[in-house]
Amino acid sequence: MKHVGTAERRVVTDHWKGGGVDVILQCPSCGSTGRSLHASHVIDHLDPQDVEMWTVFRCSTCRSLYPDPRPDAESIGVAYARYYTHDGSSGKLRTSGWRRHAMALVNGYMNGRFGTNMSPSSRWGYPLFSIVEPLRLKLDYHGRHLFLARPDNASDKRVLDVGSGNGEFLQRAKEMGWRAIGLDPDRDAVAACRAQGLVAFEGFVSDEAAGIEGGFDVITLRHSIEHVADPRSDLACCLRRLRPGGMLWLAWPNPDGLGATFFRSAWRGLEVPRHFCIPSHEAMTKMLAEKGYTGIRVLRRGHHAASIARASGILAGHRHGPVNRIRQWAAAAIGVWADMAATVSATAGEELVVVAFAPGAESDRA
C-alpha cells in the first residue's frame, strides 16, 4: 500500500488547502477548556494520500472529541466536494433472486414493528428478526425508531431529516407512510434528493427561510450533529421545530467506543476535517436536558460495526509503524467484538443512538 512519507506531510495549524481555520479554545459540547491529546497526525479518510494532518483533543470534563484547529465557515465546503451524499442512489436492494427474499423478510419485520405496509413482505420476517437480537436492533435503527413517536394526526405524520444527504432515509420514511422532508446545507446533496422525486431543501435547521415551515412529529439527525460548529444551538433549533410531544432522534460516532480506543488516529469516526465535535453520551444527554427535552434515552445499536472497523483498518494501512499493522490485522475482530458489545450495552458500540422528546411527551415510551 502506498504511503506518503512523514516528511512530506504537515500538521494543520494556521491554514489548510481549503482556506482558513478556527482555533477552538473550548469544548463545543460543554464549554470546558480542559483537554488532553487524543490523536495527532490524523488524515482525511477520503484522501489518505493528502499531505495535511489534523489534531484531535478529548475534553477533560465531558470526554467529547474535537479537532483544533478546524476549517472555518468559509472553507469547510471544500471538505465535502467528494462526499458520499452526492450519490443519487437511495441504496435500495435489487428486487430479484435472493435479494427479493431478504427484502421480503426485512419488510415483514418492519411492517410488524412500525405498523407499515411495505412490500414485498413475508410474514416470517417479524418473528425471525424478533428473536435475533443484533439484527432486530439493527432494523429498529434502520427505521430510526419511528415506532416510538406518537403523532397526533396519523394522516399527517411529518418527519424532518436534518443532514438528509442523498435521501436514503427520506425514501424509506415515505415507504413507511411518513411525510418526509430533507434538509442539507450541501446543494449537490439536495439536488440528488430532488432528482429522485424527494422533498428536500438547502440550508440549516436554524434557517427561517429554508422551506420547512410548520412543526414536525419527528426530527432525525443521523451522523449530522458531529458536523456542526455549535451542537447546543442546533438542538435548541430542533426543539422549536418539534410539535408538542415530538421526538428527536440522533445517531453519531461513539468517542468512548472500542474503535476510538483501539484505532486512535486511524479511527474512521474521527473523519477530519468534517467532524467538528463528537459528543460523549453523557455530554449529549446533558445538552438535551439543558435545552428542555424530556424522556431522554440512549438506545442499543446492535449489529453495525463491521464497516466502521474495516474502514479504520484501511486507514491504519496508510500509516507507518507496527502498531498500525496490528490495527490493520485486527480490524475484523474489533468489528465483531463491537457488535457484541453494542447488543448488550447502549454505550459500548461504535455508534450512539439517543431519542428525546419535546415537552408533552411521555417519559416511559417503549
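Here, every reference points to the structure presented above.
Residues numbered from 1 in each chain as written. Predicted model: local features only at pLDDT ≥ 70, side-chain atom pairs only at ≥ 80, totals over all residues. Heavy atoms only, no water.

Caption draft 1: Quick peek at the overall build of the protein chain. Within the protein chain one finds eleven helices and 13 strands. The C-alpha radius of gyration of the protein chain comes to 20 Å, within 12% of the 21 Å expected for a compact globule of 366 residues. Each of the 366 residues in the protein chain was classed as buried or not, and the buried ones make up 54%. Contacts spanning at least 24 positions in sequence make up 72% of the contacts within the protein chain whose residues lie at least 6 apart. Across the protein chain, 44 positive and 38 negative side-chain charges occur, with their mean positions spaced 6 Å apart. (Helix = DSSP H or I, 4+ residues; strand = E, 2+ residues; numbered from the N terminus. Rg over C-alpha atoms; globule rule 2.2 N^0.38 Å. Buried < 20%, exposed > 50% of the residue type's maximum accessible area, 1.4 Å probe, protein only. Contact = heavy atoms within 4.5 Å. Lys, Arg positive; Asp, Glu negative; His and termini not counted. Charge placed at Lys NZ, Arg CZ, Asp CG, Glu CD.)

Caption draft 2: Quick look at helix α3 (residues 133-142). Residues of α3 that are buried include every one of R136, L137, L139, D140 and Y141, and no others. Considering only its buried residues, α3 is in contact with α1 (97-114), α2 (125-130), β10 (216-222), β11 (242-253), α11 (331-344) and β13 (351-357). Positioned one or two residues after α3, R144 has a phi angle of 50°, which is positive.

Caption draft 3: Representation of α1 in the model. Across its 18 residues, α1 extends 26 Å between first and last C-alpha, which sits within 8% of the 26 Å expected from 1.5 Å per residue. Every buried residue of α1 is listed here: M103, A104, V106, N107, G108, Y109, M110, N111 and F114. Check the buried side of α1 and you find it contacts α2 and α3. One or two steps after α1, the chain reaches G115, where phi turns positive at roughly 70°. (Expected span 1.5 Å × (residues − 1).)

Caption draft 4: A look at the pairing of β11. The element β11 is largely enclosed, with a buried count of ten among its twelve residues. In this fold, the crossover linking β10 to β11 by way of helix α6 (residues 231-241) has right-handed handedness. Across seven bridges, β11 lies against β13 in antiparallel orientation. Paired with W249 across the strands is V355, a residue of β13. (Right-handed = clockwise from strand over helix to strand, strands pointing away. Pairing = 2+ DSSP bridges.)

Caption draft 5: Local environment of the environment of F201. Locating F201 in the fold gives a position in strand β9 (residues 200-202). For the pair formed by F201 and L183, sequence separation is 18 residues and the distance between their alpha carbons is 4.9 Å. Aside from chain neighbours lying at most four places away, what touches F201 is I181, G182, L183, D184, V190, R194, A210, G211 and I212.

Caption draft 6: Region of interest: the pattern of salt bridges. As enumerated under the stated definition, the model contains 19 salt bridges in all. The partner of D256 in a salt bridge is R63, and the shortest N-O contact between them spans 2.9 Å. Of this pair, D256 sits in the loop between β11 and α7 (258-263) while R63 sits in the loop between β4 (52-59) and β5 (65-67), and the two are 193 residues apart along the sequence. Exposure remark for D256: the relative accessible area of 25% places this residue in the partly exposed category. Between R243 and D217 there is a salt bridge, and its shortest N-O distance comes to 2.8 Å. Of the two residues, R243 sits in strand β11 while D217 sits in strand β10, which places them 26 residues apart along the sequence. Classification of R243 as partly exposed rests on a relative accessible area of 23%. Each member of the salt-bridge network shares a partner with another, and the members are R113, E133, R136, D140 and R300. (Salt bridge = Lys/Arg side-chain N within 4 Å of Asp/Glu carboxyl O.)

Caption draft 7: Geometry of the sheet that holds β13. Taken together, the seven strands give an open sheet; going across it, the order is β9-β8-β7-β10-β11-β13-β12, and neighbouring strands pair in mixed fashion. Each having just a single partner strand, β9 and β12 (294-299) make up the two edges of the open sheet. Averaged over neighbouring strand pairs, the angle between their axes works out to 15° when direction is ignored. Where β12 lies against β13, four bridges are found, and the strand directions are antiparallel. Each bridged residue has a counterpart across the sheet, and for T294 the counterpart in β13 is F357. Strands in contact with helix α8 (residues 281-291) are β11, β12 and β13; relative to β11, the strand with the most contacts, it is inclined by about 160°. (Axes fitted to C-alpha atoms, helices over the stretch in contact; angles between N-to-C directions.)

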